[in-house]
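Each chain is listed here by its residues.
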Amino acid sequence: MRTRTLVALLSSVVGAAVVSGAAGIGARAGIRGQRAASQRVVDMLPVHADWWRERLHHDGQLTYVAIGDSAAQGVGATAPGRGYVGLLARRIRHRSRMTVRVVNLSVSGATTWGAKQHQLPKLHQYSPDVCTVSIGANDIADFHPDKFERNIRAIYGAVPSHAIVGELPCMFVPDRERKVAVANEIIHRVAGELGLTVAPLHAITKRVGVRRTFFNTYGDLFHPNDRGYEIWASAFEPAIDTRVDTVAAIRRYLSAREAEELGSQAGDVAQARAEQDTDDAAALDTANRPNSLDRLRQRVTGSVPLPVRHGNGDHVDTGTDTSVDGRADEPTDVGGAA
């Protein structure tokens, strides 16, 4: 009995040692793998930057401008175009049926301060039809709410009013999540004050869960992989679709020349013109209704419209057909001049 107990004890000790050894070996292998992946990320940075820089020379009927950090560069994806910016550009092209020029102003490692200092000055060179902003994840390591809000206000105040700004993603680590919650409250508050649309990136990445997020993350355990970037893109897609539909409607409403000349003001002009047309239509609808005197006059004259005269007595319009072929002349421009 004593021998059997001794054997069981030795077996337990040996088993525990084997498990501990295996765990130690696995941990060391994991650390080595993460370090190797981090080095591969470093190697990716100039490659991705050059890839997006080359895209600046491509023309397109629509212009999509992205402000952000390494996630906007697509670091961690198998190709730069498989990051969320590339995926959104593809969606814009398919939905609008127009060519898209992508101006990716993002810089790997950028903080909100870096975006304000280095990316915003370049933004003024373009008139984006679509604009996304996803910045702030690199601020969390050394987070200062006041500085973060000042930088966010500067960025959000400089981008177009139709820009779509992203929440910070879920990081799952409790200490970081507390900071992310404060940052996202600032993002929502400032965006609300300025009328910007917020993409629910935190809500969507949190809903995915920590287990699936692990498999949707690159080997450095920080950047998304291809599957992870598809999830990121899904957070922006509803707002992107709405914006693209609006731009397409503007392009249909305005001539191509007007849209090109007006640039970023095309949306405001189209909206003002549409509102004017609505007001004019209501006024015309009221104006065309005969008053009581007109109805009496029509009864007396057998419903024959009488000539309309100005104060000087000049004949203006008899209401009869004056076209050559017997048909009433049709307007050539329903909307009228701007």
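To start, this report covers the structure provided alongside it. Predicted model only: the values in this text are computed from it and were never measured. (Residues numbered from 1 in each chain as written. Predicted model: local features only at pLDDT ≥ 70, side-chain atom pairs only at ≥ 80, totals over all residues. Heavy atoms only, no water.)

**Focus on the overall build of the protein**
Point 1. A tally of helices and strands in the protein yields 12 helices and seven strands.
Point 2. Relative to its 338 residues, the protein shows a buried fraction of 36%.
Point 3. Of the contacts made within the protein by residues no fewer than 6 positions apart, 74% connect residues no fewer than 24 positions apart.
Point 4. Entry remark: accessible area of the protein is about 20,200 Å², with carbon and sulfur atoms responsible for 55%. (Helix = DSSP H or I, 4+ residues; strand = E, 2+ residues; numbered from the N terminus. Buried < 20%, exposed > 50% of the residue type's maximum accessible area, 1.4 Å probe, protein only. Contact = heavy atoms within 4.5 Å. Areas by Shrake-Rupley, 256 points an atom, 1.4 Å probe, with all protein chains shown as cover.)

**Some words on the pattern of salt bridges**
Point 1. Per the counting criterion, the structure on display carries 13 salt bridges.
Point 2. The partner of E54 in a salt bridge is R55, and the shortest N-O contact between them spans 2.5 Å.
Point 3. Judged by relative accessible area, E54 falls into the partly exposed class, the value being 36%.
Point 4. For R178, the salt bridge identified is with D175, shortest N-O distance 3.7 Å. (Salt bridge = Lys/Arg side-chain N within 4 Å of Asp/Glu carboxyl O.)

**Let's talk about the environment of G74**
Point 1. As for its placement among the helices and strands, G74 is situated in the loop between α2 (70-73) and α3 (84-96).
Point 2. Spatially, the C-alpha atom of G74 lies 7.9 Å from that of Y229, the residues being 155 residues apart in sequence.

**A word on the layout of surface pockets**
Point 1. Approximately 660 Å³ is the volume found for the largest pocket.
Point 2. Taken together, 32 residues form the lining of the largest pocket, with C170, M171, T213, T217 and F222 sitting closest to its centre.
Point 3. Residue assignment for the lining of the largest pocket shows that the elements contributing at least two residues are α2, α7 (201-208), α8 (210-215) and α9 (226-253).
Point 4. Residue composition of the lining of the largest pocket, grouped by class: 18 nonpolar, 11 polar and three charged. (1 Å grid on protein atoms, 1.4 Å probe; cavity = no way out; pocket = protein on both sides within 12 Å on 5 of 7 lines; lining within 4 Å. Points joined across faces, edges and corners; volume = space filled by probe spheres on them. Nonpolar A, V, L, I, M, F, W, Y, C, P; charged D, E, K, R; others polar.)

**Re a nonpolar patch on the surface**
Point 1. Taken together, the side chains of F214, F215 and L221 make up a nonpolar region of the molecular surface, amounting to roughly 320 Å² of accessible area.
Point 2. With respect to the helices and strands, F215 occurs in helix α8. (Patch = residues over 30% accessible without salt bridge, like charges linked within 9 Å, V, L, I, M, F, W, Y side chains within 5 Å.)

**Comments concerning the pairing of strand β2 (residues 100-104)**
The two faces of a sheet get side chains in turn, since along a regular strand they alternate between them.
Point 1. Judged by how many residues are buried, β2 sits mostly within the fold: four of five residues are covered.
Point 2. Alignment of strand β1 (residues 62-68) against β2, held across five bridges, turns out to be parallel. The residue of β2 that forms the bridge with L62 is V100. (Pairing = 2+ DSSP bridges.)

**Section: helix α5 (residues 145-158)**
Point 1. For α5, with 14 residues, the first-to-last C-alpha span of 20 Å sits near the 20 Å given by 1.5 Å per residue.
Point 2. Taken as a whole, α5 has its buried residues at F148, E149, N151, I152, I155 and Y156. Within α5, the buried residues cover an arc of 170° as seen down the axis, which keeps them to one side. Residues of α5 that are exposed and point more than 90 degrees away from the buried face comprise D146, R150 and G157.
Point 3. Those residues of α5 that are buried lie in contact with α4 (112-123), β3 (130-134), β4 (164-166) and α6 (174-194). (Expected span 1.5 Å × (residues − 1). Arc of directions from axis to C-beta.)

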